[in-house]
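Overview (structure and organization)
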Amino acid sequence: VDTEVIPALKSGNPETIEASIHKLGDSFSEFVKFIEPMEEQLNTATDEYEQQALNASNAAVRNLIVVSAALVGLVLLLLALGTAKVINAIGRISSAMMTLAKGDLGIQIPHDDRRDEVGVMARALAVFKKTAQEIQQRQAENEIVINALGAGLSSLSNSNLPHQISDPFPSNLDSLRVSFNEAVTSLQKTILTVKNGTEGIKSGTVDIAQASDDLSRR
């Protein structure tokens with residue numbers, strides 16, 4: 001087939017194809033004559049192989065049934081244990097939610113390292129916790145700023161013009177402290193200028209009064 005029939009078919013020559021087919025038929029006839037004496041032996045061997053295969057198949061089926069039953073039992077056990085673990089994990093996450101709702105932001109979020117749906121819930125809760133902590137921090141920073149500015153304004157209302165806020169505010173709010181100090185410094189300079197001008201006017205008034213008195217005497 002490889003050396004003559006296929007090359008003949010590829011050549012497309014009818015005579016070559018016919019000759020190769022005839023030669024193949026003759027070879028097959030010789031093969032049949034060779035195989036016929038072994039037919040009974042092959043049949044017997046085939047029957048034996050079939051019986052062995054059947055026995056092996058039956059044994060495999062029995063083993064498969066036993067293994068399948070064991071696997072089913074194991075799966076059921078794992079499901080029971082897994083369900084209990086999931087329920088316990090969800091219970092801990094629910095407890096953490098209640099604690100966060102009460103304002104306790106120091107709680108550690110459990111099961112945030114899991115790769116299942118429970119882990120997704122835990123990581124989402126961790127995001128809420130982080131957001132709440134940031135809000136709390138901003139509120140604390142705002143309170144510091146408000147108290148410092150309130151103290152500064154109160155000091156100004158008591159005529160303490162040199163008052164300055166020395167403690168820096170949180171980085172994003174420190175510009176308010178700088179602006180307040182600059183405003184106080186500018187106000188102090190303005191009032192000092194007015195004071196100096198007032199003293200000058202007072203001195204001039206005294207001089208005028210003195211001169212008027214001298215003039216009246218003369």
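Okay, so let's go over this structure.

How each quantity is defined
Residues numbered from 1 in each chain as written. Predicted model: local features only at pLDDT ≥ 70, side-chain atom pairs only at ≥ 80, totals over all residues. Heavy atoms only, no water. Core = buried A, V, L, I, M, F, W, Y, C linked by side-chain atoms within 4.5 Å. Buried < 20%, exposed > 50% of the residue type's maximum accessible area, 1.4 Å probe, protein only. Helix = DSSP H or I, 4+ residues; strand = E, 2+ residues; numbered from the N terminus. Contact = heavy atoms within 4.5 Å. Expected span 1.5 Å × (residues − 1). Salt bridge = Lys/Arg side-chain N within 4 Å of Asp/Glu carboxyl O.

Listed in full, the 10 residues of the largest apolar core are Ala89, Ile93, Ala96, Leu100, Leu105, Ile107, Ile109, Val118, Ala122 and Leu125. For this core, the secondary-structure elements that each account for two or more residues are helix H3 (39-101) and helix H4 (117-157). Ranked by the residues each element gives to this core, the list is headed by H3, at 4 residues. Excluding anything up to four places from it in sequence, Ala96 contacts Ile107, Ile109, Pro110 and Leu125.

Below, the discussion takes up the side chain of Asn181. By the secondary structure assignment, Asn181 is in helix H5 (residues 174-217). Setting aside residues up to four positions removed in sequence, Asn181 forms contacts with Gln164 and Ile165.

Taking 1.5 Å per residue, 41 residues should reach 60 Å; H4 reaches 60 Å between its end C-alpha atoms and fits that length. Among the residues trailing H4, Ser159 stands out with phi positive, at a value near 70°.

This part takes up the pattern of salt bridges. This structure, assessed with the given rule, holds 1 salt bridge. The partner of Asp213 in a salt bridge is Arg217, and the shortest N-O contact between them spans 3.1 Å. Here the residue Asp213 and the residue Arg217 both occupy positions in helix H5, the gap between them amounting to 4 residues, near one helical turn. Here Asp213 falls in the partly exposed class, since its relative accessible area comes to 31%. Classification of Arg217 by relative accessible area gives exposed; the value is 69%.

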